[in-house]
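# Observations on chain architecture
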Amino acid sequence: MSRPLHRGVPAIRVTSSSNGLLDSQVKEQIEKEELDRNQSSHRFPFWSLFSDNSPLTKYDATDNGFASDPFIVGTPRSRHRLTILLLKSSLVVIVILALTGSFWWTLSISTSSRGHIFHSSRRLQEQLVSDLWDIGELSFGTSRMKEIEFCPGELENYIPRFNVSENLDSGFSDGNEYDRVCRQGSRQNCLVLPPMNYKIPLRWPTGRDIIWVANVKITGQEVFTSGSLTKRMMMLEEEQISFRSASLMFDGVEDYSHQIAEMIGLRNESNFIQAGIRTILDIGCGYGSFGAHLFSEQILTICIANYESSGSQVQLTLERGLPAMIGSFSSKQLPHPSLSFDLLHCARCGIDWDKNDGSFLIEVDRVLRPGGYFVWTSPLINVQSSLRNKEKQKRWNFVRDFAENLCWELMSQQDETVVWKKTSKKTCYNSRISGSGPSICSKVQDVEFPYYRPLQNCIGGMHSRRWVPIEERATWPSRSNLNPSELALYGLHLDELNEDTANYRIIVRNYWSLLSPLIFSDYPKRPGDEDPSPPYNMLRNVLDMNARYGGLNAALLEARKSVWVMNVVPTTGPKYLPLILDRGYFGVLHDWCEAFPTYPRTYDMVHAEGLLSLESSQHWRCTMLDIFTEIDRMLRPEGWIIMLQGWIIIRDAALLIDSARVLTRRLKWEARVIEIESNNDERLLICQKPFFKRQPS
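Residues numbered from 1 in each chain as written. Predicted model: local features only at pLDDT ≥ 70, side-chain atom pairs only at ≥ 80, totals over all residues. Heavy atoms only, no water.

### Quick look at the overall build of the chain
- When helices and strands are counted, the chain shows 21 helices and 17 strands.
- Counting all 697 residues of the chain, 52% fall into the buried class.
- When contacts within the chain are restricted to residue pairs at least 6 apart in sequence, those whose partners lie at least 24 apart make up 72%. (Helix = DSSP H or I, 4+ residues; strand = E, 2+ residues; numbered from the N terminus. Buried < 20%, exposed > 50% of the residue type's maximum accessible area, 1.4 Å probe, protein only. Contact = heavy atoms within 4.5 Å.)

### Describing the confidence of the model for the chain
- Per-chain confidence: the chain averages 76 in pLDDT, with 66% of residues scoring 70 or above.
- pLDDT under 50 marks residues 521–527. Its contacts with residues more than four places away, or in other chains, come to eight contacts.
- Taken together, the stretch residues 646–654 has pLDDT below 50 and engages in 13 contacts with residues farther than four places along the chain or on a different chain. (pLDDT = per-residue confidence, 0-100.)

### Section: the state of the cysteines
- If you walk through the whole model with that rule in mind, you get six disulfides.
- There is a disulfide in this structure between Cys441 and Cys458, and the S-S distance comes to 2.0 Å. The sign of the 95° torsion about the S-S bond sets the Cys441-Cys458 disulfide as right-handed. With Cys441 in the loop between helix H13 (427–430) and helix H14 (484–488) and Cys458 in the loop between H13 and H14, this pair connects stretches of sequence that are 17 residues apart.
- Residue classification places Cys458 among the buried positions, given a relative accessible area of 3%.
- Taken in sequence order, the bonded cysteines of the chain link in the pattern 1-2, 3-4, 5-6, 7-8, 9-10, 11-12. (Disulfide = S-S within 2.5 Å.)

### Some details on the pairing of strand S11 (residues 541–544)
- Burial along S11 is two-sided: Asn541 and Leu543 and Val542 and Asp544, pointing in opposite directions, are all buried.
- Both S11 and strand S12 (residues 564–570) contribute to a ladder of four bridges, which runs parallel. Counted as the bridge partner of Leu543 is Met566 from S12.
- Note that the unit made of S11, helix H16 (residues 551–558) and S12 has a crossover that is right-handed.
- When S11 meets strand S14 (residues 603–609), the two strands line up parallel, connected through three bridges. If you follow Leu543 over to S14, its bridge partner there is Val606. (Pairing = 2+ DSSP bridges. Right-handed = clockwise from strand over helix to strand, strands pointing away.)

This is how it looks when you write it as structure tokens:
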């Protein structure tokens, strides 16, 4: 049923000559408004699922301050409203009779034909629900369907819960001002516009080496004064920033990576995989050049860095199509399980590891797998420099001694770089001298899934059943297929993982068939042809909001798509994040009623399977509008949103998908609902975020 355009209702004219009649009319008007309001609240209780925080009124106020009344006796509007009311009542009666009749009729038919008739009946019910929704919209008018407004220009790079000025006003300092702080009422349901001269990023892999200056908040001065090794691997060229390595001055990253491999005892960085190194956490990554170089070696490097209002490492790294998120060692634990990464890297990352009684190093130990490596590059390590500076020597001695008390083995030290290896044996901790170094966390302290908990002063991960040295794990890509004993740690059977993998193979194939004509519209592709090779692939940064076992990630890699996936496990859902990390993917724990730690416009595609049903089962701790505006903030212009919802959600919460469909109009998304022929129990909601250019003020 199509929706007509909403039109305004004329206002009531009040003149001085009508005072005698006014009292009776107003009284009758108030009584009818109250009756209609009560009926509407019972008829459409689902509006609360996606309403915003502002109060909603039934009628729009007119210029003279009075509410327009569509129920004035004797007007065409009253007859129209009466007709609508009769239509709704008739339709409700028809639905009840049809559903009752179909129930008794279904009992009388044969079992063999029951399935086909059930699916047809279910589609009829869905159409009736949609028609009821359309009539409901007509009765409510435009006030509840108002489009979300655009945010002010100063919020073009805004990240909720990361506001340095507010943190300073609240008394935070000493690095904590850059930390994530949750405050009530800080959410703003508005659409973040891109910068004035924003351009769609170049396609992968060209976009890895060249980005548009206007897309990121950085000045030429910041480019030329960047101090770290990886930050200097860039050049400013008119409207672009270039990270190309064609010149001799850019050979530093390759030489540096080769040096680290030799210090570990490997021939070169191409042997990282054979040594059990697949996932690297790069702390204070510069602009991602270290990870960009290792990407060709199938090494997944994720950058974490502090929030920065300008010249952001995270923003520029994501703009290049490389994994990154905001993360801080200042006061809280990272939202990752213990024993998550094979190697942690810090090259002049700006963290004083000797401060805070060594708690930063304890956090490194927590997220590092047994047998994993910690690589630190700093002028503090330079022996000659430390000998001349007693303060530097004192700080270096503290870090070296503390690492030894953590049972780290000092493997090599060259120039300004040192490599430690975490012990693979738990017995090492018991062999330490009594009272030396931090103690082992108790079971109560050793939380498997910390979500921004305060930093601990004890060694974590010791009680985890996942204590497996990296050299005993399967190497990549075999690691992605966990064996039955590994799956048993998560209460899963091999058949369950295989079924999930097979389902996502089909899903990814369907996605690509649907999106290819749109994404590759400028590339000549006939039906049956292979997908165009890079640089024609516009999808690079993918966010999976409810990753479960990491099936989407696995299927995309198996299909050889040039993407990386940020696997997010909601705090309200099953905790399979360790499983995702053990498969060799990257993942993070997150509460979707909060802002995700990333800058605006950082993902090309957002995928959500079952997320709405998960949140509805939690009695909607936040509104659907809150979640959708956060998706809009993270999504690049002309990016894609894919929401796969099973029929069980429509049957158990009949208006859930319809609510999402209506919200897409408020967010100005271009939406379409697609039936999946291979599975009658699923529907696909695909949306695209348009490119709204900011107008000059």
